[in-house]
Structure formats: structure tokens, C-alpha cells
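Inside the fold
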Amino acid sequence: MRKRNDQKLNRSAYRPAKQALVIFGLCILCVAMYSSTTTITPSALIPTGTMRVTHRILAEDNIYEAAAMMYTPPPKTSMLIGIFSTTGEKYSKRRDYIKDSFLGQDEPRLCSLKEFVRQTAGSRKGRVCQVAYTFVIGAGGNDRPTDHDDDEPLTLNLHGNFEDDCTYLNIKENMEDGKSPTYLKFAANFADRYDIDYVVKMDDDSVISHNALFDWIDSELPPTPYNRRIYGGFSRPSRVKNTVYAAGEFYFVSADLADYVGNELTAADRLNMMHPKRHIEDLDMGTFIFSNPRPVKFIGMYQWKMWTHPHKTETQYREGFTHATKTKRIKVKPVFRWDIFCPPILNDSCF
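Since the structure is predicted, the reported quantities are computational estimates derived from the model, not experimental observations.

What follows is about the side chain of R144. On the secondary structure map, R144 appears in the loop between β3 (131-140) and β4 (166-172). Of the residues examined, R144 reaches a relative accessible area of 14% and is grouped as buried. A distance of 2.7 Å separates a polar atom in the side chain of R144 from a polar atom in the side chain of D150. Other than its neighbours up to four places away in sequence, R144 contacts D150, E152, N170, I171 and K172.

Here is the structure:
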């Protein structure tokens with residue numbers, strides 16, 4: 001008798017659970033019947049602004065198609081290339097044939113700084129241009145510093161004889177004494193305003209392959225915010241500074257490193273870090289960058305060199321550009337040319 005009563009109690013204990021399952025099943029059936037003729041609205045399933053997704057997609061378990069419809073791809077990695085130039089007829093003519101060759105191709109992904117600003121218009125989503133260029137010239141008088149370190153305007157708006165695809169820095173023209181960090185200061189400010197991911201410094205006698213440039217950007221350089229403290233170029237070693245740096249013919253930094261060198265470091269900081277015997281633009285830039293207290297990711301371009309250098313005459317430049325249009329990677333050199341920096345007379349003391 002007692003056993004029979006225990007069995008009744010056990011059955012009664014399970015009864016609410018069974019009732020709950022029945023009610024849940026009825027709810028599922030009602031939802032399925034209702035949804036077979038109903039479109040699921042964006043407000044119900046997906047964030048505002050994405051396209052409508054019908055219940056047919058989910059009913060067919062096609063989650064990949066549904067995810068693709070809801071996914072918004074990130075914008076293309078963007079870049080600012082500063083081509084270093086200077087005043088004078090010789091360099092004005094050089095800018096003309098660079099515009100006629102490298103910058104004169106029918107390539108919508110490459111445009112002037114002015115056109116890049118026009119296309120951005122408050123948002124990078126509708127922007128076709130991916131890489132902006134500007135010629136960088138020191139246009140301040142002899143009374144101006146070689147490295148911008150005061151409250152005077154960073155750039156000059158020249159009237160009359162000027163080119164609209166040039167950036168005129170308000171410093172005394174120089175090569176080794178502060179022009180590059182002043183350019184990075186300008187570039188960092190521009191990047192913050194117009195969503196630039198990377199900043200390039202390039203000599204005006206370097207020739208780049210278009211195909212290699214965009215292939216490299218799209219496949220190797222992540223956009224913001226995944227591009228923290230990235231620096232690279234063709235690697236060179238420094239025995240004096242005990243570091244590696246990127247050759248000045250072409251090097252690049254992420255926008256945050258441009259801000260660090262140009263804005264966080266002062267002109268006095270940079271002067272104290274420069275080579276003790278003579279200022280060397282690319283070596284000193286590497287020293288500035290590696291003074292960052294956080295880890296810096298260096299990308300060596302020795303196996304993906306997409307430019308040739310130097311091309312001092314118009315004929316050399318045009319021939320170099322013609323060759324560059326036919327290839328992706330232009331030239332491969334040894335990783336480190338220790339023989340250049342360590343003469344045999346020094347023997348093992350170089351290392």
C-alpha cells in the first residue's frame with residue numbers, strides 16, 4: 001500500500017513538467033504557423049540600417065547567407081603618401097613628370113590630397129580613393145626652425161606661384177634636421193580628421209609599382225583600429241644606435257606612430273635622439289619610433305620591395321616606371337647589407 005502511494009506521488013510530481021512541455025510545444029507550433037506567412041522585420045531581428053531578412057532564410061537554415069546579408073565589410077585600408085620635394089625649377093620639372101607618369105594613370109584609388117578630402121565629405125564609406133598623395137615642401141623663410149616647435153601655423157597657404165597638390169610646411173627647407181617629423185605632425189592631424197590608416201614618406205626619385213602597392217595594402221596592412229604601432233620599409237641596421245630602421249627612399253608608419261613622433265615627442269626630444277655625429281633622416285626616424293614605450297611591429301620589405309631607387313633624371317624615372325607597370329614585386333635584395341655598414345677593417349667589432 002505504501003509503495004502504491006509513493007508511485008502516485010512520483011507521478012503527480014512529474015505532472016507540472018509534462019504540462020509545461022505541452023504548453024511549450026503548442027507555442028512553437030503557433031509561432032511556426034504564424035511565421036510561415038509573416039516577414040520578420042529589421043526591428044525584430046537585426047540592427048537598424050541593415051537589409052530586411054525574411055523568415056524563409058532562417059527556415060532553410062541558411063545561416064551563411066543570413067550572416068552575409070547582415071555583415072557590413074570594413075572600409076578599405078587608406079594611406080597618405082608624402083613625396084618629398086623642394087623649391088626650384090629642377091624639382092618643379094621633376095614633379096611634372098611624376099604627375100605625368102606615376103600619378104597620371106587612370107587609377108581611381110590614387111588621388112591628390114584635395115580630391116581625397118572632397119570624396120570623404122564627412123564619411124569614408126562613399127570614398128573611392130584609397131591612397132592620397134601630396135608633395136611635401138619646406139616653405140618657411142630662413143628665420144623659421146627646421147623642425148616645427150612653436151605656435152605658428154604648421155602649413156602655409158601660399159598665394160600666386162603654388163601648386164594645389166603640394167603641402168607647404170612652415171619650416172625652413174631641410175633634409176635631415178626636422179622636415180620628416182614635421183610632415184608626420186601634419187599627417188597625423190590629417191589622419192585624425194579624414195580617417196587615414198597609414199602615412200608614407202617617399203623620396204621623389206623613388207618609383208612605385210601601382211599593382212604591387214595596392215596588392216600590398218589590401219593583403220598586408222590592417223585598417224584602424226587593428227594597426228597599432230606599425231612601422232616598416234626596406235630594413236637597414238645601425239651599429240651606432242643598435243637598432244633597425246627603414247630606408248628613407250620609402251617607409252611607412254601607422255597613424256598612431258605618426259602622432260607619437262610628430263606630436264607627443266617635442267623638437268627637443270627628437271634633437272636629443274638624433275645621431276651623435278651627423279643627422280641621418282631615416283636612421284633618426286627609426287630612433288624616434290622605437291623610443292615608443294609600447295611594442296612596435298616592424299615590417300621588413302626586403303622580400304616584397306615594390307619600388308626602385310634612385311631615378312635622378314627624367315629618362316631614368318620614366319624607364320623605371322615603365323618597368324614597374326609590368327611587374328608586381330620589383331627587386332629583391334639581401335635582408336641586411338652588413339658589408340656596407342661594417343667595413344672589413346673593423347672585423348668582428350661591428351657585431
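With 11 of 12 residues buried, strand β8 (residues 243-254) lies mostly within the body of the structure. Note that strand β5 (residues 198-203) and β8 share 5 bridges and pair antiparallel. Its bridge partner being in β8, M202 is matched across the sheet by F250. Note: strand β7 (residues 230-238) against β8, 7 bridges, orientation antiparallel. Along β8, the bridge assignment pairs Y231 with V253. Counted along the chain from β7 to the antiparallel partner β8, the turn is 4 residues long, and its residue N242 has a positive phi close to 55°.

Of all the 6 residues making up β5, 6 are buried; the element is thus mostly covered by neighbouring parts of the structure. Judged by which residues are buried, β5 turns out to be covered on both faces: Y198, V200 and M202 on one side and V199, K201 and D203 on the other are all buried.

Next up on the list: unusual backbone geometry. The phi torsion of most residues other than glycine is negative, and most of the peptide bonds are trans. In the segment running from T224 into P225, the intervening peptide bond is cis, with an omega of 10°. With respect to the helices and strands, the residue P225 is situated in the loop between α8 (210-220) and β7. Along the chain, H309 connects to P310 via a cis peptide bond; the corresponding omega equals 0°. Secondary-structure assignment places P310 in the loop between β10 (307-308) and α12 (314-324).

Among the structural elements, W307 can be located in strand β10. Taking the C-alpha atoms as reference points, W307 and F250, separated by 57 residues in sequence, lie 8.1 Å from one another.

Taken as a whole, this structure holds 1 disulfide when the rule is applied. A sulfur-sulfur separation of 2.1 Å characterises the disulfide bridge that pairs C111 with C129. Across the S-S bond linking C111 and C129, the dihedral sits near -95°, which makes this disulfide left-handed. Of the two residues, C111 is situated in strand β2 (residues 110-112) and C129 in the loop between α6 (113-120) and β3; the sequence distance between them amounts to 18 residues.

Here helix α9 (residues 255-264) lies mainly inside the structure; 7 of its 10 residues are buried. When α9 is considered as a whole, its buried residues turn out to be A255, D256, L257, A258, Y260, V261 and G262. Buried residues along α9 sit in contact with α7 (179-194), β5, β7, β8, α10 (267-273) and α11 (281-290).

Cut-offs applied
Residues numbered from 1 in each chain as written. Predicted model: local features only at pLDDT ≥ 70, side-chain atom pairs only at ≥ 80, totals over all residues. Heavy atoms only, no water. Helix = DSSP H or I, 4+ residues; strand = E, 2+ residues; numbered from the N terminus. Buried < 20%, exposed > 50% of the residue type's maximum accessible area, 1.4 Å probe, protein only. Polar contact = N/O pair within 3.5 Å; in protein donor to acceptor, adjacent residues only side chain to side chain. Contact = heavy atoms within 4.5 Å. Pairing = 2+ DSSP bridges. Disulfide = S-S within 2.5 Å.

Everything listed here is a matter of geometry and, on its own, says nothing about what the molecule does.
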